[in-house]
Amino acid sequence: MERCIGLDMGYGFIKIDDGREGHVFPSVVGEGESGMPMSLGIGQRTGSSELRISYNGKNYLLGDYAIRHSRLAHRGLSPTRAEGDDLKILFLGALSLYARETINNFYVVTGLPPGRMHMADDFVRQLRGDHEVVRHTGASRFGVSIRLERIEVVPQPVGSFWAEVLDDRGQIRGDHPLLSGRIGIIDIGFRTSDFATVIDGEYSPGFCKTVPLGISFGYEEIAQELSTHYGLEREQYTLDDAVIRGQVNVSGRPVDIVELRDRIFGDIATKLLVEARSMWQIQEYDHIIITGGGGRVLERYLRPELPQAQLAQDSVTANARGYYNWAYFNAQQQAADLGPSSGDADSYGAGSGSTAGYGGSTSSYSRGDTSRDEGGSRDFRASGEQ
Ligand SMILES: Nc1ncnc2c1ncn2[C@@H]1O[C@H](COP(=O)(O)OP(=O)(O)OP(=O)(O)O)[C@@H](O)[C@H]1O
Ligand SMILES: [Mg+2]
């Protein structure tokens with residue numbers, strides 16, 4: 001039986017969810033030919049913080065593992081992400097976290113930016129079929145076969161819509177205020193931001209676009225300042241943590257970069273508001289969902305200008321969770337169409353519950369773990385009643 005997976009392949013971070021547990025790790029691929037890093041038994045470990053796979057005879061480190069240990073690591077940032085096999089490696093590497101059988105049949109829902117939906121067919125063609133992956137954990141290695149017969153590509157931000165209106169049992173929340181009216185979604189990512197519109201539950205491409213502006217827009221300036229003031233040369237992919245925490249270590253001492261960071265964030269937010277106003281008649285929108293990892297940090301600059309806006313619940317993972325909800329919704333419909341003898345749709349759900357809380361750039365969470373929710377008013381139901 002195929003298992004439902006929601007997979008959000010951001011330029012900055014991969015987010016993946018199977019309805020029970022989720023993982024977030026940086027979209028960085030590095031060579032893994034120099035041998036396996038050896039744990040000295042001190043650091044905290046989760047599946048996605050030490051992700052190493054072999055595919056087609058080559059070894060790769062992924063995510064934080066690549067940032068820490070690869071002599072050659074990179075984040076593919078070109079608009080089409082056509083550099084080598086990176087996207088495929090990240091896709092399969094993420095799925096390997098859920099491969100518990102020898103043959104794993106996944107039904108994956110994933111997203112592309114609204115402005116890149118023309119690439120969907122090509123993307124599916126590259127990934128459909130069977131893939132043999134070897135996953136390395138500690139000293140052990142195990143081979144898994146990943147079968148991808150069903151891959152569905154949707155416009156990226158609609159995941160955050162589904163995360164709100166569908167529950168994780170694939171049921172529509174019937175009285176949800178986002179089900180009717182004109183809904184805007186602003187998904188602020190690492191390299192791009194997407195604007196999408198849903199009118200009475202239908203995606204409306206005429207009011208959607210992707211702009212090449214995300215949180216990493218400021219990384220170059222931050223890297224420049226660090227180099228000028230502290231002689232610190234940092235690859236941009238190492239800056240996430242510094243930006244999230246607002247400090248960077250120089251010779252073992254923390255240096256505060258909050259002021260610099262906030263100034264840059266303010267500039268990015270202003271540019272995004274200009275984009276929103278140029279495409280949307282803001283007053284016509286009943287609700288606006290601010291989502292994406294960038295949404296979390298820019299929300300406070302945007303909300304004063306967009307009174308109907310709310311930050312999506314757990315905005316970093318909202319798309320991935322919504323894709324899963326959609327996959328599960330479809331699987332249940334299909335099971336219902338085939339009749340009771342086709343088996344319980346429950347078997348589409350998956351996995352064993354797990355793991356650690358949210359923190360740092362790599363993280364795992366289990367669904368229902370409310371500790372990763374960090375305040376802010378996000379209850380659309382409540383806002384609809386105001
Ligand atoms: N825990 C966090 N706290 C604050 N900010 C975070 C956190 N995690 C991620 N971010 C910010 O969110 C940004 C990435 O957001 P997101 O994961 O939505 O991007 P993406 O989907 O990978 O990118 P894109 O949409 O351009 O493909 C990071 O650059 C980081 O600054
Ligand atoms: Mg994104």
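Residues numbered from 1 in each chain as written. Chains lettered and ligands numbered in written order. Predicted model: local features only at pLDDT ≥ 70, side-chain atom pairs only at ≥ 80, totals over all residues.

Draft legend 1. Quick look at the packing of helix H7 (residues 258-279) against helix H8 (residues 293-302). Packing of H7 against H8 leaves a shortest axis separation of 9 Å and a crossing angle of 70 degrees. It follows from the interaxial angle that H7 and H8 lie roughly perpendicular. Here Phe265, Gly266, Ile268, Ala269 and Leu273 of H7 lie close against H8, whose contacting residues are Val297, Leu298, Tyr301 and Leu302. Residue classes in the contact of H7 with H8 are distributed as 8 nonpolar, 1 polar and no charged. (Axes fitted to C-alpha atoms, helices over the stretch in contact; angles between N-to-C directions. Helix = DSSP H or I, 4+ residues; strand = E, 2+ residues; numbered from the N terminus. Parallel < 35°, antiparallel > 145°, perpendicular 65-115°, else oblique. Contact = placed C-beta atoms within 7 Å. Nonpolar A, V, L, I, M, F, W, Y, C, P; charged D, E, K, R; others polar.)

Draft legend 2. Inspection of the confidence of the model for the protein at higher detail. Looking at the protein as a whole, its pLDDT mean stands at 83, while 81% of the residues score no less than 70. Here residues 370-378 is modelled with pLDDT under 50, and outside its nearest four sequence neighbours on either side it reaches 13 contacts, counting other chains as well. (pLDDT = per-residue confidence, 0-100.)

Draft legend 3. The arrangement of the nonpolar core in detail. The biggest cluster of nonpolar side chains holds 76 residues, and the ones touching the most others in it are Ile5, Leu7, Leu62, Phe161 and Ala327. For this core, the leading source of residues is helix H9 (residues 318-338), giving 9 residues. Ignoring sequence-local partners within four residues, the contact set of Ala327 consists of Cys4, Ile5, Gly6, Tyr107 and Val109. Listed in part, the 8 residues of the second largest apolar core include Tyr219, Ile222, Val243 and Ile257. (Core = buried A, V, L, I, M, F, W, Y, C linked by C-beta atoms within 7 Å. Buried ≥ 20, exposed ≤ 12 C-beta atoms within 10 Å, placed from the backbone.)

Draft legend 4. H7, seen in detail. For H7, which comprises 22 residues, the first-to-last C-alpha distance of 32 Å matches the rise-based estimate of 32 Å (1.5 Å per residue) to within 8%. Within H7, the full set of buried residues consists of Arg261, Ile264, Ile268, Ala269, Leu272 and Ala276. With its buried residues spanning 145 degrees around the axis, H7 presents them on a single face. Exposed residues lying more than 90 degrees from the buried face of H7 are Glu259, Arg263, Thr270, Val274, Arg277 and Ser278. The inward-facing, buried residues of H7 contact strand S11 (182-188), strand S12 (193-199), helix H5 (219-230), helix H6 (240-245) and H8. (Expected span 1.5 Å × (residues − 1). Arc of directions from axis to C-beta.)

Draft legend 5. Inspection of the environment of Ala66 at higher detail. Counting through the fold element by element, Ala66 comes out in helix H1 (residues 64-69). A sequence separation of 37 residues divides Ala66 from Val29, and the C-alpha atoms of the two residues are 6.0 Å apart.

Draft legend 6. Quick look at the site of ligand 1. Ligand 1 sits among 20 residues. The nearest are Gly10, Gly12, Gly189, Phe190 and Gly293. Sort the elements by how many residues they give to the shell around ligand 1 and H8 lands first, with 4 residues. Here the shell around ligand 1 is composed, by residue class, of 8 nonpolar, 9 polar and 3 charged. (Near = placed C-beta within 6 Å.)

Draft legend 7. Quick look at unusual backbone geometry. Positioned with a positive phi, Asn56 is a non-glycine residue whose angle comes to about 50 degrees. Along the chain, the position of Asn56 falls in the loop between strand S5 (51-55) and strand S6 (58-62). Non-glycine residue Asp314 carries a positive phi angle of around 45 degrees. Structurally, Asp314 is set in the loop between strand S18 (309-311) and H9.

Draft legend 8. Main features of the packing of helix H4 (residues 158-165) against H9. At a closest axis distance of 7 Å, the pairing of H4 and H9 adopts a crossing angle of 65 degrees. Relative to H9, H4 is oriented roughly perpendicular. With respect to the hand of their crossing, H4 and H9 are arranged in left-handed fashion. For the pair formed by H4 and H9, the contact residues are Gly159, Ser160, Phe161, Trp162 and Ala163 on the first element and Ala318, Asn319, Ala320, Arg321, Gly322, Tyr323, Asn325 and Trp326 on the second. Along the lines of polarity and charge, the residues of the contact of H4 with H9 split into 7 nonpolar, 5 polar and 1 charged. (Left-handed = near helix turned anticlockwise from the far one by under 90°.)

Draft legend 9. Layout of the pairing of strand S9 (residues 129-137). Note that S5 and S9 share 4 bridges and pair antiparallel. Bridge pairing links Arg52 to His136 in S9. As paired strands, S9 and strand S10 (residues 140-155) are joined by 9 bridges and run antiparallel to one another. Counterpart to Glu132 in the pairing with S10 is Ser145. The hairpin formed by S9 and S10 contains 2 residues between the paired strands, and Gly138 there has a positive phi angle of roughly 55 degrees. (Pairing = 2+ DSSP bridges.)

Draft legend 10. Examining the environment of Glu221 more closely. With respect to the helices and strands, the residue Glu221 is situated in helix H5. On the neighbour-count criterion, Glu221 (14 C-beta atoms within 10 Å) is partly exposed. Separated by 39 residues in the primary sequence, Glu221 and Leu260 have C-alpha atoms spaced 9.1 Å apart.

Draft legend 11. Spotlight on the pairing of S11. S11 sits mainly inside the fold: 6 of its 7 residues count as buried. Direction of pairing for S11 relative to S12: antiparallel, over a ladder of 7 bridges. Residue Ile185 lies in a different strand from S12, and its bridge partner there is Ala196. Direction of pairing for S11 relative to strand S17 (residues 287-291): parallel, over a ladder of 5 bridges. The partner of Ile186 across the bridge, within S17, is Ile290.

Draft legend 12. View of the environment of Ser216. Relative to the helices and strands, Ser216 resides in the loop between strand S14 (209-211) and H5. Sequence separation between Ser216 and Phe190 is 26 residues; the distance between their C-alpha atoms is 5.3 Å. In contact with Ser216, not counting residues within four places along its chain, are Gly12, Phe190, Arg191 and Gln236.

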